[in-house]
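# Examining the three-dimensional arrangement
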Amino acid sequence: MRQFFEKDIHLGILKGGQLGRMLLQPCMNYGIVPHIMDIDPHSPAWAYCRNFVIGDAHAFEDIYNFGKDLDSLTLEFEHVNLESLKKLQSEGVNVYPRPELIEIVQDKGLQKQFYEENGIPTAAYRIAANRKEVERAISPCGIVQKKRVAGYDGKGVVILESSEDICKAFDEPSIIEEKIEIEKEISILVARNTSGQIETFPPVEMVFHQGANMLDYLFSPAALSPQQQAEADILAKTLAEKLQLVGLLAVEMFVTGQGRILVNEIAPRPHNSGHHTIEANATSQFEQHIRAIFNLPLGSTGFHSPAVMVNIVGEPGHEGPVIYRGIRPFLEISGVYVHRYGKRITRPYRKMGHITVVRQCLDDALKIATQIRAEVKAISCQK
Ligand code: ADP
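Residues numbered from 1 in each chain as written. Predicted model: local features only at pLDDT ≥ 70, side-chain atom pairs only at ≥ 80, totals over all residues. Heavy atoms only, no water.

A separate point is the overall build of the protein. For the protein, the helix and strand inventory stands at 10 helices and 22 strands. Relative to the globule expectation of 21 Å for 383 residues, the C-alpha radius of gyration of the protein, 20 Å, shows essentially globular dimensions. Across its three principal axes, the protein shows a C-alpha extent of roughly 60 × 50 × 50 Å. Across the 383 residues of the protein, 56% fall into the buried class. Here the protein displays about 16700 Å² of accessible surface, and carbon together with sulfur accounts for 48% of that area. (Helix = DSSP H or I, 4+ residues; strand = E, 2+ residues; numbered from the N terminus. Rg over C-alpha atoms; globule rule 2.2 N^0.38 Å. Buried < 20%, exposed > 50% of the residue type's maximum accessible area, 1.4 Å probe, protein only. Areas by Shrake-Rupley, 256 points an atom, 1.4 Å probe, with all protein chains shown as cover.)

What follows is about the packing of helix 2 (residues 60-67) against helix 3 (residues 82-90). Axes are the key here: two packed helices are described by the angle between their axes and the distance separating the axes. Viewed as axis vectors pointing N to C, helix 2 and helix 3 meet at an angle of 30 degrees, and their least axial separation amounts to 8 Å. Comparing their axes, helix 3 and helix 2 come out roughly parallel. Here the hand of the crossing between helix 2 and helix 3 comes out right-handed. Side by side, helix 2 and helix 3 meet where Phe60, Ile63, Tyr64 and Gly67 of the first sit next to Glu83, Ser84, Leu85, Lys87 and Leu88 of the second. Here the contact of helix 2 with helix 3 is built from residues that sort into 5 nonpolar, 2 polar and 2 charged. (Axes fitted to C-alpha atoms, helices over the stretch in contact; angles between N-to-C directions. Parallel < 35°, antiparallel > 145°, perpendicular 65-115°, else oblique. Left-handed = near helix turned anticlockwise from the far one by under 90°. Contact = heavy atoms within 4.5 Å. Nonpolar A, V, L, I, M, F, W, Y, C, P; charged D, E, K, R; others polar.)

The subject of this paragraph is the sheet that holds strand 6 (residues 125-128). A sheet is described by the order of its strands in space; here 4 strands give the open sequence 6-9-7-8, paired in antiparallel fashion. In the strand order of this sheet, the two ends are held by strand 6 and strand 8 (157-160), each with one partner. When the angles between neighbouring strand axes are averaged without regard to direction, this sheet yields 25 degrees. Examined bridge by bridge, strand 7 (residues 143-147) and strand 8 share 4 bridges and lie antiparallel to one another. If you follow isoleucine 143 over to strand 8, its bridge partner there is leucine 160. (Pairing = 2+ DSSP bridges.)

The next thing to look at is the pairing of strand 2 (residues 32-38). The element strand 2 is extensively covered by neighbouring structure, given that 6 of its 7 residues are classed as buried. Handedness of the strand 1 (residues 9-14)-helix 1 (residues 18-30)-strand 2 crossover: right-handed. Pairing between strand 2 and strand 3 (residues 51-54): 4 bridges, direction parallel. Of the residues in strand 3, the one forming a bridge with aspartate 38 is isoleucine 54. (Right-handed = clockwise from strand over helix to strand, strands pointing away.)

Glancing now at the sheet that holds strand 3. Within the open sheet, the 5 strands sit side by side as 3-2-1-4-5. Their pairing is parallel. Whereas interior strands pair on both sides, the edge strands pair on one side only; in this sheet they are strand 3 and strand 5 (94-95). The sheet contact formed by strand 4 (residues 72-75) and strand 5 spans 2 bridges and is parallel. Following the sheet pairing, serine 72 is matched in strand 5 by asparagine 94. Where helix 1 meets the sheet, it contacts strand 1 and strand 2, and its direction lies at approximately 165 degrees from that of strand 2.

Turning our eyes to something else, we now look at the packing of aromatic side chains. Under the definition given, this model contains 4 aromatic pairs. Ring plane angle 50 degrees and centroid distance 5.1 Å describe the contact between phenylalanine 4 and phenylalanine 294, whose orientation is recorded as tilted. Placement of the pair is phenylalanine 4 in the segment before strand 1 and phenylalanine 294 in the loop between helix 9 (285-293) and strand 16 (307-313), with a sequence separation of 290 residues. Grouped by ring-pair contacts, the aromatic residues Phe4, Phe5, Tyr30 and Phe294 constitute a single cluster. (Phe/Tyr/Trp six-rings, centres within 6.5 Å; stacked < 30°, edge-to-face > 60°.)

Our next topic: the environment of lysine 351. Examined against the element boundaries, lysine 351 turns out to sit in strand 21 (residues 351-358). Of the residues examined, lysine 351 reaches a relative accessible area of 13% and is grouped as buried. The spacing of lysine 351 and glutamate 61 is 290 residues in sequence and 29 Å in space, taken between C-alpha atoms. With residues up to four places along the chain from it excluded, the contact list for lysine 351 reads Gln18, Asp153, Met214, Asn272, Asn311, Ile312, Val313, Tyr341 and Lys343.

What surrounds the ligand is a group of 19 residues, the closest being Lys108, Lys146, Gly154, Glu177 and Glu185. Residue glutamate 177 places a side-chain N or O atom 2.8 Å away from a nitrogen atom belonging to the ligand. Within the contact set of the ligand, a nitrogen atom lies 2.9 Å away from a backbone nitrogen or oxygen of isoleucine 180. Put simply, the parts of the chain that give the shell around the ligand at least two residues each are strand 7, strand 9 (174-178), strand 10 (182-192) and strand 15 (261-267). Grouping the amino acids of the shell around the ligand by side-chain chemistry returns 7 nonpolar, 3 polar and 9 charged. (Near = heavy atom within 4 Å. Polar contact = N/O pair within 3.5 Å; in protein donor to acceptor, adjacent residues only side chain to side chain.)

All right, on to unusual backbone geometry then. A cis amide bond, omega 15 degrees, links leucine 14 with the succeeding residue lysine 15. Of note, lysine 15 is situated in the loop between strand 1 and helix 1. The step from tyrosine 96 to proline 97 runs through a cis peptide bond, and the omega angle for that step is 5 degrees. Turning to its location among the elements, proline 97 is positioned in the loop between strand 5 and helix 4 (99-106). In the Ramachandran plot, glutamine 244 falls in the positive-phi region, its phi being about 50 degrees despite a non-glycine side chain. The residue glutamine 244 is located in the loop between helix 7 (226-242) and strand 14 (247-256) in this model. A residue is classified by how much of its surface remains accessible, and glutamine 244, at 40% relative accessible area, is partly exposed. With phi around 65 degrees, tyrosine 349 is a residue other than glycine that occupies positive phi space. Turning to its location among the elements, tyrosine 349 is positioned in the loop between strand 20 (345-346) and strand 21.

Printed below as a string of structure tokens:
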């Protein structure tokens, strides 16, 4: 790669959602020239990126043509055409995360197999080819069916408690997991650069929308015993090593009722569980990803203050041009940071923005976050 501080570096980002948009800030700070490809000409990043290319991230040609003249290519979304990334890598473009890692992450079956082969604790599972095989696996303790490919934000996950639930099952290649008695869900972000330096962020605790299976809010630091914290940290670092990670990896874990820590899933890119790091930590997850993929020294990950991050998602029952309600009064409170993603259309549970609350005392931040969750809404006048 051309020397980082000697010439303009051109970085391609697949795609231009909110994560791509937030990756533009450190590109600006480091003088990297960003290029973004997304099928949606009005995606969150387009207004801030002059080199915006309309293209389909599932199409070999589109990615190949987008990436072939760039120095480096990264992504904010892993369900993209893999062959094009492999070809670009073979032709000398620095593709991070590595296509071999993306391949594992694209398929929940391969992910689970990787955990099993590398001694990473995870919920017991089996592979099912179709609904018939799922039906045979239903047990009185409940099972969780997950589509092997293309699931995200709880889409592609269903909990089946009894044989009557089989009508909810997907008739697709899936994994079936034992239903875990989850006490809390946590996430650790870990970064690794090509020199092998590894840094983890402090763990956060994630609280999910009941029913929608997607992140409602998180707080940092997570309430864990020192032993659990160390265990989770080691797991994240072990994964970074074993996967030969370059970039950032979000490691989502369950803490079980018995206090065990199980890895649920990984994402090799900036992640919703790291948005608070923009304001609360010495280095943001977005900057850390940029540092890692350009083999710069990784930044310090410590937090200045505890923080809560609330996702602003589309109000159920509302679909159409978005109106944000209730934000203004919170701007009078110090330590409240608003992020709107610039999506024109809201839909039920679509991620439309987030608000981070940074306070010296986590309980204060949680109280303000509770009010934000009750009062801030992304709605539409067209129902
Ligand atoms: P996605 O990739 O769509 O985010 P996840 O695997 O993270 O899917 O599952 C979404 C949510 O479903 C999890 O955050 C958790 O709340 C619940 N869940 C997933 N797996 C299990 C399990 N084995 N037992 C109990 N709940 C689970």
